Each structure stands twice: as C-alpha cells, then as structure tokens.
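# Structural features, examined
The primary structure of each chain is shown beneath.
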Amino acid sequence: MRIAVCDDEKDVRELLGRRIKEICPEAEVLYYGTGKELLEEYVFQSFDVGAFHYLVKPFSKEKFSSVLLSAVRQYEEGVQIPRADKEQDERRSILIKTGGTSTKVWVKDIIYAEVFNRKVLLHTTDGEIEYYGRLSALEKQLGGDFFRTHRAYLVHFKYIVKYDSSTIYLEKGSAILAKTKYPDFVKHYLKYNQRERKD
C-alpha cells in the first residue's frame, strides 16, 4: 500500500510519516511539498480518488489514527473478486434479440450502452447492436463492472480512459456523467481499479 503525505511544512510531513509508519508499518510513504507536485506525478491516478475525510489542523494523534485506520479498512474491504468468479466473468454472455434474430454478445466486449426512443444501442469492440429494450434490464444483466452514469448511459469500467465531472471518455466513444452520480461513480470506479490491481 502506498500513502502520500502532502504538506508545505517539512516537519509536519515527517511527523505524519512517522505516525503512518507506526499504524501501517508495511505502507510505503511518499512525501510531497505541494499539491501540484503530487498531482503532476499521479495525475491519472488522482482522478480515481474520492475524499475520505478532512482533518483540520491542529488535530490529535488519536483522531489521525482513527481516520487512517478507517481509510485502510475501506481500502482493504472494497476489493477482491475471487479468481474463479473473474474467470467466469470473462466467459459471460447475453442474448440480444433484434427482429427475429438472437445474437450472443460477450459481456467482456461491451464498451458501453446508450438508450434513445425506446431503443438500446450497444457499443462493443466489434461494432454496434441496436435493439428494443430497457437500460435498467440490461444493467441488471451485466453486473458490477458496469455503472449507470446517466439515465441514458451504462458504461463498462474496463474501457474507461479518463473522466471529469460531466463526461466519461471510453476507448471508443463517450458517455454523459450526471452530476448527482459523480460521487458514487468515483467510489465504485476506485473499488474496481483496486480489485483489478489485486487480481
């Protein structure tokens, strides 16, 4: 586990580093004097981090320990799908009915889905499939590696390249991110990335 300490006072950085090591001796502590210094090095990773807690100086050693331990617990709990389930996910498929034809679509190949005029447009690595259906029904079929970013969009975490507070940019295409969905999206995307790193 890596923990970054960012403060403009060297003495404070070193003090916090010592306290972190007392609580989490296995952690690698990284030190930064400015927020800019931290974000230029971890600019892409920083998008995946939601604020866990705010500590206003001065704060007690007990308060710091309590918050850090809670953060570590959340990090460790948010994460692992057993390997067997992961392999099973790679083989999952759904059947899409278009007219009188049923087409098998591998879940791992779905990049995102969008809905308009009662039709779902499925964007996959092999092209697009359009059919009459409801996005809510598709969301239940696809499971936890997908997120409903907007009433009209469902995205696969696997194919996200970057995002901001209003848009998800995928390997092919983009999706709207509703402001009300943003905190929940960041939380779930962070857990997905933690799980993938452990796998």
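Quick caveat, the model's predicted, so the values are computed rather than measured. All chains use their own residue numbering, which begins from 1 and follows the written sequence. Per-residue local features are limited, in this predicted model, to residues with pLDDT of at least 70; the limit for side-chain atom pairs, both in listing and counting, is 80 or more; totals at the level of whole chains, interfaces and linings are taken over all residues. To get the side-chain values, all heavy atoms of the structure are used, and hydrogens and water are removed first.

## Concerning the nonpolar core
Worth spelling out the cut-off: As used here, the term nonpolar core means buried Ala, Val, Leu, Ile, Met, Phe, Trp, Tyr and Cys residues forming a set that is joined through side-chain atoms within 4.5 Å. Whether a residue is buried, partly exposed or exposed follows from its accessible area with a 1.4 Å probe, protein chains only, as a fraction of its type maximum: under 20%, in between, or over 50%, in that order. Put simply, DSSP H or I for four residues or longer makes a helix, DSSP E for two residues or longer makes a strand, and each gets a number counted from the N terminus. Pairs of residues are marked as contacts when any of their non-hydrogen atoms sit within 4.5 Å.
In terms of nonpolar packing, the biggest core is built from 18 residues, with F157, I160, Y163, I168, L170, F185 and Y189 touching the most fellow members. The set of elements that each furnish at least two residues to this core consists of β5 (110-116), β9 (153-156), β10 (160-163), β11 (167-170) and α7 (182-198). At four residues, α7 tops the list of elements feeding residues into this core. Ignoring anything within four residues of it in the chain, the contact list for F157 reads G144, D145, F146, F147, F185, H188, Y189 and Y192. Among the nonpolar cores identified, the runner-up in size contains 15 residues, and I96, V105, L142 and F146 belong to it.

## Here's the deal with the pairing of β11
Rules: Strands are treated as partners if at least two bridges between them are detected by DSSP.
Where β10 meets β11, three bridges bridge the pair, whose relative direction is antiparallel. Residue pairing in the sheet places Y163 in a bridge with I168 of β11. Linkage of β10 to β11, two consecutive antiparallel strands, is achieved through a turn of three residues. Both β11 and strand β12 (residues 174-176) contribute to a ladder of three bridges, which runs antiparallel. The partner of I168 across the bridge, within β12, is A175. In this structure, the hairpin formed by β11 and β12 is closed by a connection of three residues, where G173 is found at a positive phi of approximately 90°.

## Points about the sheet that holds β10
The test is simple: All axes here are fitted lines through C-alpha atoms, helices being fitted over the stretch that makes contact, and every angle between N-to-C directions spans 0 to 180 degrees.
Strand order in this open sheet of three strands is β10-β11-β12, and the pairing throughout is antiparallel. On the outer flanks of this sheet lie β10 and β12, each paired with one strand and no other. Going from strand to strand, the sheet's axes swing by 25° on average, the running direction of each strand aside.

## Some words on unusual backbone geometry
Backbone geometry places N117, a non-glycine residue, at a positive phi of 50°. Tracing the sequence through the fold places N117 in the loop between β5 and β6 (119-124). Its relative accessible area of 68% is what places N117 among the exposed residues. Of note, the phi angle at R118 is positive, near 65°, even though the residue is not glycine.

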